[in-house]
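Chain by chain, the residues run as shown.
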Amino acid sequence: MQDPIVVTGLGAVTPLAAGVEASWRRLLAGESGIRLNDRFDTDGWKCRIAGLVPFKAEAKDGFDPEAAMSPQELRKTDLFIHYAMAAADEALRQAGWHPQDQAARARTATLIGTGVGGVPAITGATDTIRTAGVRRLSPFVVPSFLPNLAAGQISIRYGFNGPSGAPVTACAASAQAIGDAMRLIRNGEADIALCGGAEACVDPVAIGGFTAARALSFGFNDDPAQASRPFDAAHEGFVLSEGAAMLVIERLSHAQKRGAKPLAVLSGYGTTTDAHHVTAGWADGREAARAMDMALSMAGVAPAEVGYVNAHATSTPVGDAAELSALTKVFGAQGGRVPVSSTKSATGHMLGAAGAVEAVFSVLALRDQVLPAGLNITDPAEEAEGFDLVRGAVRSAEVNHVLSNAFGFGGVNAALVFSRAGA
């Protein structure tokens, strides 16, 4: 008898709010987490907006750093680790997973991806050397920014001795972390895993670099909520954002044995590489489509059975068009009319954390049988003609399977399939 892998815990820190339910509530209400960037002085900058996590001091559902880590720990670690710790704590609390016996800890994996790790810590250290000298560097500066230290700090806090990993595959990182965790459990190397991603690179180097690459939106500085517009004819680039999201996954039998409630089934995963271009995928979406096909095949789900696609679509004209081409390859003409939206329209692009936060939203869509609407689709792009874009308002729907995509620089493609628990 098949023993599926189920999701039993969710955690998130997003530009919408700190916490899964608050983020979901604001997403369904059609709110945006994109605003003027006040992390540093952007006067004279081409791009002056970002998807910023609201802090407790400025929002009721904002992020409270000292609830995630002690003041001493906060000083020794970069912001992406702070976000990761908060999301991990929420997911583990919902899953009810705080093992005290060594055998259970040894069977707990921790896989947390990131696109770039602690960029602010790196640039801050560079500034310290330039202004005060190398002797003023903290001995904690290197472990503060290493990409694997989100997973490392979490495993230390909770005593998880199982496999640990940190995919650093750009914007596909956290989707691959979830897929890698799934494989570990399927291969018998772990019984349960905390998996997801974290990112916090709203920083002059990141903003400046992506601006130089002509990747960011800059035409909506005076109306930030309008800037992220996947599949709209006025899309011009993505909005750089930050945050973290985590899932706890385990075999159904393991969850039942300890009385944990399955939220959804993680039923499929596929990943491929374009081997084509550093920043642009194939225009026809061939390898992205193959990743989706692999995920659906693993799940045993026919394309016609998919009730919603949470697209990777970042709001770049080239990327959005390529994904639409890939969806046509998988589902047929106009994507087979499967409902599609991109929750990046509300959150912006969280880079290495994007796949995980969209996985969380996919699970919630299954739980609540509602599809989040894409914001700012006032005039669909020519390539989107005929597609069933969820826009204007959320849509109630009977949905048993959701496909969630994540694609990254270097040509990395990852697709996840989530299925309704008990369906």
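For the structure itself, consult the block above.
Residues numbered from 1 in each chain as written. Predicted model: local features only at pLDDT ≥ 70, side-chain atom pairs only at ≥ 80, totals over all residues. Heavy atoms only, no water.

Q: Would you mind showing me how to read the environment of E58 here?
A: As for its placement among the helices and strands, E58 is situated in the loop between strand 3 (49–51) and helix 2 (65–68). Residues E58 and V248 lie 190 residues apart in sequence; the distance between their C-alpha atoms is 30 Å. Beyond its immediate sequence surroundings of up to four residues, E58 is in contact with R35 and V53. One polar contact links E58 to R35, side chain to side chain, over a distance of 3.3 Å. Within the local environment of E58, its side chain forms a polar contact with the backbone nitrogen of F55, the two atoms lying 2.8 Å apart. (Helix = DSSP H or I, 4+ residues; strand = E, 2+ residues; numbered from the N terminus. Contact = heavy atoms within 4.5 Å. Polar contact = N/O pair within 3.5 Å; in protein donor to acceptor, adjacent residues only side chain to side chain.)

Q: Explain the packing of helix 4 (residues 79–95) against helix 8 (residues 149–158) here, please?
A: Describing two packed helices takes the angle between their axes plus the distance from one axis to the other. Put simply, helix 4 and helix 8 touch, their axes get as near as 9 Å, and they point 45° apart. Comparing their axes, helix 8 and helix 4 come out oblique. Of the two possible hands of crossing, helix 4 and helix 8 adopt the one that is right-handed. In this structure, helix 4 uses F80, I81, A84, M85, A88, D89 and L92 to contact helix 8, whose residues at the interface are L149, A150, Q153, I154, R157 and Y158. Considered class by class, the residues forming the contact of helix 4 with helix 8 number 10 nonpolar, one polar and two charged. (Axes fitted to C-alpha atoms, helices over the stretch in contact; angles between N-to-C directions. Parallel < 35°, antiparallel > 145°, perpendicular 65-115°, else oblique. Left-handed = near helix turned anticlockwise from the far one by under 90°. Nonpolar A, V, L, I, M, F, W, Y, C, P; charged D, E, K, R; others polar.)

Q: How do you make sense of the nonpolar core when you look at a structure like this?
A: Across soluble globular proteins, nonpolar side chains show a tendency to be buried alongside one another. Judged by nonpolar contacts, the single largest core of 54 residues is most densely connected at L10, L247, I249 and F418. Leave out the neighbours within four places in its chain, and L10 touches V20, E90, A91, Q94, M246, L247, L263, V360, V363 and L364. (Core = buried A, V, L, I, M, F, W, Y, C linked by side-chain atoms within 4.5 Å. Buried < 20%, exposed > 50% of the residue type's maximum accessible area, 1.4 Å probe, protein only.)

Q: Would you mind showing me how to read the packing of aromatic side chains here?
A: Between two aromatic rings, the relevant description is the distance of the centres plus the angle of the planes. With the rule as written, the count across this model stands at seven aromatic pairs. With a centroid separation of 5.5 Å and 80° between ring planes, the pair formed by F55 and F63 is classed as edge-to-face. Taking the relative accessible area as the measure of exposure, F55 reaches 22% and is therefore partly exposed. By relative accessible area, F63 is classed as buried at 2%. Among the aromatic residues, ring-to-ring pairing joins F55, F63 and Y83 into one connected group. Geometry around F218 places K46 over its ring, the cationic atom sitting 4.3 Å from the centre. If you follow R286 out to its NZ or CZ, it ends over the ring of W282, 3.7 Å from the centre. (Phe/Tyr/Trp six-rings, centres within 6.5 Å; stacked < 30°, edge-to-face > 60°. Lys NZ or Arg CZ within 6 Å of the ring centre and 35° of its normal.)

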